[in-house]
Amino acid sequence: MRKIIIILALALCPFATVCLAQSNRDARVNYVLKNLGINSDTQKKLRPLLEAYLKEKKAASDDYNALKSKLKSNISSQTLTNDQATKLLSLKWAAESKETAVKKKYTTEFCTVLSAKKTYKCFDLLNDKKSKVQGKQKDADDED
């Protein structure tokens, strides 16, 4: 019986990861909409834009994140070769460039629904830490 439960838990693990990632994005979208101080009509128009923005922003750094996670043990043990470091750096700069392009694109799209002032606040809220989005309190030793 125990083996069956373990097998089922391991089989369902990838689904849990996908659901968790979806709920994190939803939590961020809900957090922004709640704290932006806009009416429900505007929230309905903005929600799909926020979801698309977060999806594109994440996709912009997929190559970099994939290589970084592949080389995680080399990075932590400081055994990264020069070629690996060069590849990581070039992917990092490419990812940041793509991310900037996504931000510029969505600045224009957000401004079709929001004022420039609210668009600025929207990006500010989108950049809040995960702990703040989830409503967790910071410990004294967690301060930056």
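Quick notes on the rules
Residues numbered from 1 in each chain as written. Predicted model: local features only at pLDDT ≥ 70, side-chain atom pairs only at ≥ 80, totals over all residues. Heavy atoms only, no water. Helix = DSSP H or I, 4+ residues; strand = E, 2+ residues; numbered from the N terminus. Buried < 20%, exposed > 50% of the residue type's maximum accessible area, 1.4 Å probe, protein only. pLDDT = per-residue confidence, 0-100. Contact = heavy atoms within 4.5 Å. Salt bridge = Lys/Arg side-chain N within 4 Å of Asp/Glu carboxyl O. Lys, Arg positive; Asp, Glu negative; His and termini not counted. Polar contact = N/O pair within 3.5 Å; in protein donor to acceptor, adjacent residues only side chain to side chain. Axes fitted to C-alpha atoms, helices over the stretch in contact; angles between N-to-C directions. Parallel < 35°, antiparallel > 145°, perpendicular 65-115°, else oblique. Phe/Tyr/Trp six-rings, centres within 6.5 Å; stacked < 30°, edge-to-face > 60°. Core = buried A, V, L, I, M, F, W, Y, C linked by side-chain atoms within 4.5 Å.

**As for unusual backbone geometry**
Then comes step 1: We note that Gln78 has phi near 55 degrees; this positive angle belongs to a residue other than glycine.
Then comes step 2: Looking at the element boundaries, Gln78 is found in the loop between α4 (72–76) and α5 (82–111).
Then comes step 3: On the basis of relative accessibility, which here comes to 72%, the residue Gln78 falls in the exposed class.

**Some remarks on the confidence of the model for the chain**
Then comes step 1: Scored by pLDDT, the chain has a mean of 84; 79% of the residues are at 70 or more.
Then comes step 2: Model confidence for the chain, summarised as mean pLDDT per element, is weakest for helix α1 (residues 2–36) at 69 and strongest for α5 at 94.
Then comes step 3: Long-range and interchain partners of residues 15–21, a stretch whose pLDDT sits below 50, account for zero contacts in this model, where long-range means more than four residues apart.

**A closer look at the pattern of salt bridges**
Then comes step 1: As enumerated under the stated definition, the model contains five salt bridges in all.
Then comes step 2: Between Glu99 and Lys103 there is a salt bridge, with the nearest N and O atoms lying 3.5 Å from each other. Residue Glu99 and its partner Lys103 are located together in helix α5, separated by four residues, close to a single helical turn.

**So, the side chain of Arg28**
Then comes step 1: Its place among the elements puts Arg28 in helix α1.
Then comes step 2: The side chain of Arg28 sits in the buried core without any salt bridge; Asp128 is the nearest counter-charge, 6.5 Å away.
Then comes step 3: Of note is the side chain of Arg28, whose polar atom sits 2.8 Å from the backbone oxygen of Asp128.
Then comes step 4: If we ignore the near neighbours within four places in the chain, the residues touching Arg28 are Leu54, Leu125, Leu126, Asn127, Asp128, Lys129, Lys130 and Val133.

**A look at the packing of helix α2 (residues 40–60) against α5**
Then comes step 1: As a packed pair, α2 and α5 sit with axes 9 Å apart at the nearest point and diverge in direction by 170 degrees. With respect to their mutual orientation, α2 and α5 come out roughly antiparallel. For the pair α2 and α5, the contacting residues are Leu46, Leu49, Leu50, Ala52, Tyr53, Glu56, Lys57 and Ala60 in the first and Ala95, Lys98, Glu99, Val102, Lys103, Lys105, Tyr106, Glu109 and Phe110 in the second.

**Description of the packing of aromatic side chains**
Then comes step 1: Inspection of every chain in the model, using the stated rule, returns five aromatic pairs.
Then comes step 2: A ring pair is formed by Tyr53 and Tyr106, whose centres lie 5.5 Å apart and whose planes are at 70 degrees; its orientation type is edge-to-face. Remark: Tyr106 occurs in helix α5 and Tyr53 occurs in helix α2; sequence separation between them is 53 residues. Of the two residues examined, Tyr53 and Tyr106, each falls in the buried class.

**So, the nonpolar core**
Then comes step 1: Core analysis: the largest hydrophobic core is formed by 20 residues, its most contacted members being Leu46, Leu50, Phe110 and Leu126.
Then comes step 2: Taken together, the elements giving at least two residues each to this core come down to α1, α2, α5 and α6 (116–126).
Then comes step 3: Excluding its chain neighbours within four sequence positions, the residues that come into contact with Leu126 are Arg28, Val32, Leu50, Tyr53, Leu54 and Phe110.
Then comes step 4: Of all hydrophobic cores here, the second largest spans six residues; its members include Leu67, Leu71, Leu91 and Ala95.

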